[in-house]
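Survey of secondary and tertiary structure
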Amino acid sequence: MRTHFLGGGIGQASALKLAYSSYQKVSRVLAAVAYGAAESYGVADELLVIAAKRARSYLVETDYIPKTAARAWRWGPELEDAAALLAEVGLPDSLMHAAAATLARWDANRDERLDIAEALEALRGERDLDDPR
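Everything in this summary refers to the structure shown in the same document. Everything numeric here is computed off the predicted structure, so don't read it as measured data. (Residues numbered from 1 in each chain as written. Predicted model: local features only at pLDDT ≥ 70, side-chain atom pairs only at ≥ 80, totals over all residues. Heavy atoms only, no water.)

**Topic: the overall build of the protein chain**
Rules: Labels follow the DSSP assignment, with helices taken as runs of H or I lasting at least four residues and strands as runs of E lasting at least two, numbered in each case from the N terminus. Only protein chains enter the accessibility calculation, which uses a 1.4 Å probe; a residue whose area is less than 20% of its type maximum is buried, one above 50% is exposed, and one in between is partly exposed. Contacts were defined at the residue level, with two residues in contact if any of their heavy atoms lie within 4.5 Å. The Shrake-Rupley method, run with a 1.4 Å probe sphere, supplies the accessible areas, and residue values consider only the shown protein chains as cover. As used throughout, the charge tally considers Lys and Arg to be positive and Asp and Glu to be negative, leaving His and the chain termini uncounted. Every charge is mapped to an atom, namely NZ of Lys, CZ of Arg, CG of Asp or CD of Glu.
Secondary structure assignment for the protein chain yields five helices and zero strands. For the protein chain, the succession of helices and strands along the chain, N to C, is α-α-α-α-α. Principal-axis analysis of the C-alpha atoms gives the protein chain an extent of 50 × 50 × 25 Å. When the 133 residues of the protein chain are sorted by exposure, 19% land in the buried category. Put simply, of all contacts in the protein chain between residues at least 6 apart along the chain, 53% involve residues at least 24 apart. Accessible area for the protein chain stands at about 9,800 Å²; split by element, carbon and sulfur atoms hold 59% of it. For the protein chain, the distance from the average position of its 16 positive side-chain charges to the average position of its 20 negative side-chain charges is 9 Å.

Here it is in structure tokens:
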């Protein structure tokens, strides 16, 4: 076992555990749902070929957070389409609806150039919508 000293206040260890484990668990659930949809349409092998080309975790690509915010207006409707596809093949669609609802928090940031802090403020609903940035 390896330990890592956080050196901060109460709750940091729990927050770190929950942040990481939620990503790990939800990404695995999402993988199962995506694979199930692909398998239902006979394209599971092709999905695995595409996925095998990816070597890094999205979690370490924090620079992509502002890009996600800027594209959320497009991605939300695509995820609603994905929800419909999942429902069509008998798979749970609530994860896609939840992701689309999360992306909707960035609707006001359509094609904006935000930094990570601004993107997270908008995701939390803290960003001043009258701010011209």
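**Overview of the nonpolar core**
The following threshold applies: Residues belong to one nonpolar core when they are buried, are Ala, Val, Leu, Ile, Met, Phe, Trp, Tyr or Cys, and are joined through side-chain atoms within 4.5 Å.
Formed by Ala-69, Ala-72, Leu-103, Trp-106, Leu-114, Ala-119 and Ala-122, the largest nonpolar core amounts to seven residues. Secondary structure elements with two or more residues in this core: α3 (64-88) and α5 (116-124). Contact partners of Ala-72, with chain neighbours within four places excluded, come to Pro-77, Leu-103 and Trp-106. Core analysis: the second largest hydrophobic core is formed by five residues, Ala-37, Ala-83, Leu-86 and Met-96 among them.

**Quick word on α3**
As a reminder of what qualifies: By definition here, a helix of n residues has an expected span of 1.5 Å times n minus one.
Spanning 25 residues, α3 covers only 31 Å between terminal C-alpha atoms, well under the ideal 36 Å at 1.5 Å per step. Within the span of α3, buried status applies to Pro-66, Thr-68, Ala-69, Ala-70, Ala-72, Gly-76, Ala-83 and Leu-86. Positive backbone phi, at 80°, marks Gly-90, one or two positions downstream of α3.

**Quick notes on the layout of surface pockets**
Basically, it comes down to this: A pocket, in this scheme, is an open set of points on a 1 Å grid over the protein atoms alone with protein on both sides within 12 Å along at least 5 of 7 lines, while a cavity is a set where a 1.4 Å probe fits but cannot get out; residues line either one if an atom lies within 4 Å of a point. Grid points are joined across faces, edges and corners, and a volume is the space filled by probe spheres set on the points. Lys, Arg, Asp and Glu make up the charged group, whereas Ala, Val, Leu, Ile, Met, Phe, Trp, Tyr, Cys and Pro make up the nonpolar group; the residues left over, Gly among them, are polar.
Volume-wise, the largest pocket comes out at about 2,100 Å³. In terms of lining, the largest pocket is formed by 44 residues, of which the most central are Tyr-23, Ser-27, Leu-30, Tyr-58 and Leu-59. Of all the secondary structure elements, the ones that give two or more residues to the lining of the largest pocket are α1 (12-40), α2 (44-52), α3, α4 (94-104) and α5. Residues of the lining of the largest pocket, tallied by class, amount to 32 nonpolar, six polar and six charged.

**Examining α4**
Quick reminder of the rule: Note that the arc is defined by the directions from the helix axis to the C-beta atoms.
Taken together, the buried positions of α4 are Met-96, Ala-100 and Leu-103. Buried residues of α4, seen end-on, are gathered within an arc of 60° and therefore sit on one face of the element. Against α1 and α3 lie the buried residues of α4.

**A word on the pattern of salt bridges**
Definition in use: Any Lys or Arg side-chain nitrogen found within 4 Å of a carboxyl oxygen on Asp or Glu counts as a salt bridge.
As enumerated under the stated definition, the model contains one salt bridge in all. A salt bridge links Glu-61 to Arg-54, with the nearest nitrogen and oxygen atoms 2.5 Å apart.

**Notes on the environment of Asp-115**
What counts is decided by this rule: A 3.5 Å cut-off defines polar contacts: any pair of N or O atoms within that distance qualifies, except that in protein one atom must be a possible hydrogen donor and the other a possible acceptor, and neighbouring residues in sequence count only when both atoms are side-chain atoms.
Note that Asp-115 resides in the loop between α4 and α5. Its relative accessible area of 40% is what places Asp-115 among the partly exposed residues. Expressed as a C-alpha distance, the spacing of Asp-115 and Ile-65, which sit 50 residues apart in the sequence, is 8.3 Å. Polar side-chain contacts of Asp-115 include one of 2.7 Å to the backbone nitrogen of Glu-118.

**Here's the deal with a nonpolar patch on the surface**
To keep it simple, the criterion reads: Like charges are joined within 9 Å and nonpolar side chains (Val, Leu, Ile, Met, Phe, Trp, Tyr) within 5 Å, but only among residues with over 30% relative accessible area and no salt bridge; these make up the patches.
On the surface, a nonpolar cluster with roughly 240 Å² of combined accessible area is contributed by Tyr-41, Val-43 and Leu-85. Its relative accessible area of 39% is what places Val-43 among the partly exposed residues.

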